[in-house]
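# Structural overview for review
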Amino acid sequence: HLPGSSPHHPRAMLSRDETRAAERATGASQSERFALELEFVMSLANPRYVHHLASTGAMDDPAFIAYLEYLRYWEQPRYAKFVHYPHAFYFLEQLRRPEFRKAMANPRLAEQAHAHQFWHWQRSRTELAEEAAAAATARGAGGAADGG
């Protein structure tokens, strides 16, 4: 894995020769690497996928741990704006902790994380809907008071 080979990566200021070497080493262009890394980072928002990685032993590989650390550049605002699933950042941060990586190998704990995530999304959507309804009611009451 060659850091800096993504066109959007903070170390993207590679010489033409370095760019070619990175593309030869990975078999992917800079834009392809950006898309692949983005997709992988977003997949970390799925606790079941994180469990899969942990249960296959990937989380025990020092090279994989180094790759997760490398991917932290996605937390910077200029890259984070491309990530559609904010829970990916939470999991990317938690995966730095060996005890979390070990816990995610346990299917019961992975399902618990999934349930908590679902509850959070459901609660957030409900709160947003309630806020929108309250704002619409307030606008309606204000309009009736102004017009009545």
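Now for a look at the structure at hand. Here the structure is a predicted model, which means the values were calculated and not measured.

### Observations concerning helix α2 (residues 30-43)
Look at α2: 20 Å from first C-alpha to last across 14 residues, which is about the 20 Å you get at 1.5 Å a residue. All of the buried residues in α2 are Gln30, Arg33, Phe34, Glu37, Leu38, Phe40, Val41 and Met42. Where α2 is buried, its residues contact α1 (16-26), α3 (47-55), α4 (62-70) and α6 (87-94).

### Things to note about the nonpolar core
Taken as a class, soluble globular proteins show a tendency for nonpolar side chains to be buried jointly. The biggest cluster of nonpolar side chains holds 28 residues, and the ones touching the most others in it are Phe40, Leu44, Met59, Leu68, Leu71 and Trp74. Elements with a minimum of two residues in this core: α2, α3, α4 and α6. In contact with Met59, not counting residues within four places along its chain, are Val50, Leu53, Ala54, Phe64, Ile65, Leu68, Leu95 and Arg101.

### Remarks on α6
Taken together, the buried positions of α6 are His87, Ala88, Phe91, Leu92 and Gln94. With its buried residues spanning 165 degrees around the axis, α6 presents them on a single face.

### Observations concerning the pattern of salt bridges
Within the structure shown, the criterion is met by nine salt bridges. A salt bridge links Arg72 to Glu75; the nearest nitrogen and oxygen atoms lie 2.9 Å apart. On the accessibility criterion, Glu75 (28% relative accessible area) is partly exposed. Within the structure, one salt-bridge network assembled from shared partners comprises Glu69, Arg72, Glu75, Glu93 and Arg96.

### Overview of the packing of aromatic side chains
The tally for this structure, following the rule as stated, stands at 12 aromatic pairs. Arranged with centres 5.9 Å apart and planes meeting at 25 degrees, the rings of Tyr67 and Tyr70 form a pair that is stacked. You can see Tyr67 and its partner Tyr70 sitting in helix α4, three residues apart, about one turn around the helix. Accessibility classification places Tyr67 together with Tyr70 in one group, the buried group. Aromatic rings pair up to connect Phe34, Phe40, Tyr49, Phe64, Tyr67, Tyr70, Tyr73, Trp74, Tyr79 and Phe82 into one cluster.

Criteria and thresholds
- The residue numbering used here restarts from 1 in each chain and proceeds along that chain's sequence as written.
- The predicted nature of this model means local features are confined to residues of pLDDT at least 70 and side-chain atom pairs, given and counted, to a pLDDT of 80 or more, with totals for whole chains, interfaces and linings taken over all residues.
- The basis for every side-chain value is the complete set of heavy atoms in the structure, and neither hydrogens nor water enter the calculation.
- In this description a helix means any DSSP run of H or I spanning at least four residues, a strand means any run of E spanning at least two, and both kinds are numbered starting from the N terminus.
- Here, expected helix span is obtained from the residue count minus one, scaled by 1.5 Å.
- Residue exposure (1.4 Å probe, protein chains only): buried if accessible area is under 20% of the type maximum, exposed if over 50%, otherwise partly exposed.
- The criterion used for residue contact is that any of the two residues' heavy atoms lie within 4.5 Å.
- Among the buried residues, those of types Ala, Val, Leu, Ile, Met, Phe, Trp, Tyr and Cys that are joined through side-chain atoms within 4.5 Å form a nonpolar core.
- The arc under discussion is defined with respect to the helix axis, by the directions toward the C-beta atoms.
- Throughout this description, the term salt bridge denotes a Lys or Arg side-chain nitrogen within 4 Å of a carboxyl oxygen of Asp or Glu.
- Any Phe, Tyr or Trp ring, taking Trp's six-membered ring, that has another such ring centre within 6.5 Å forms a pair; planes under 30 degrees apart are called stacked, those over 60 apart edge-to-face, and the others tilted.

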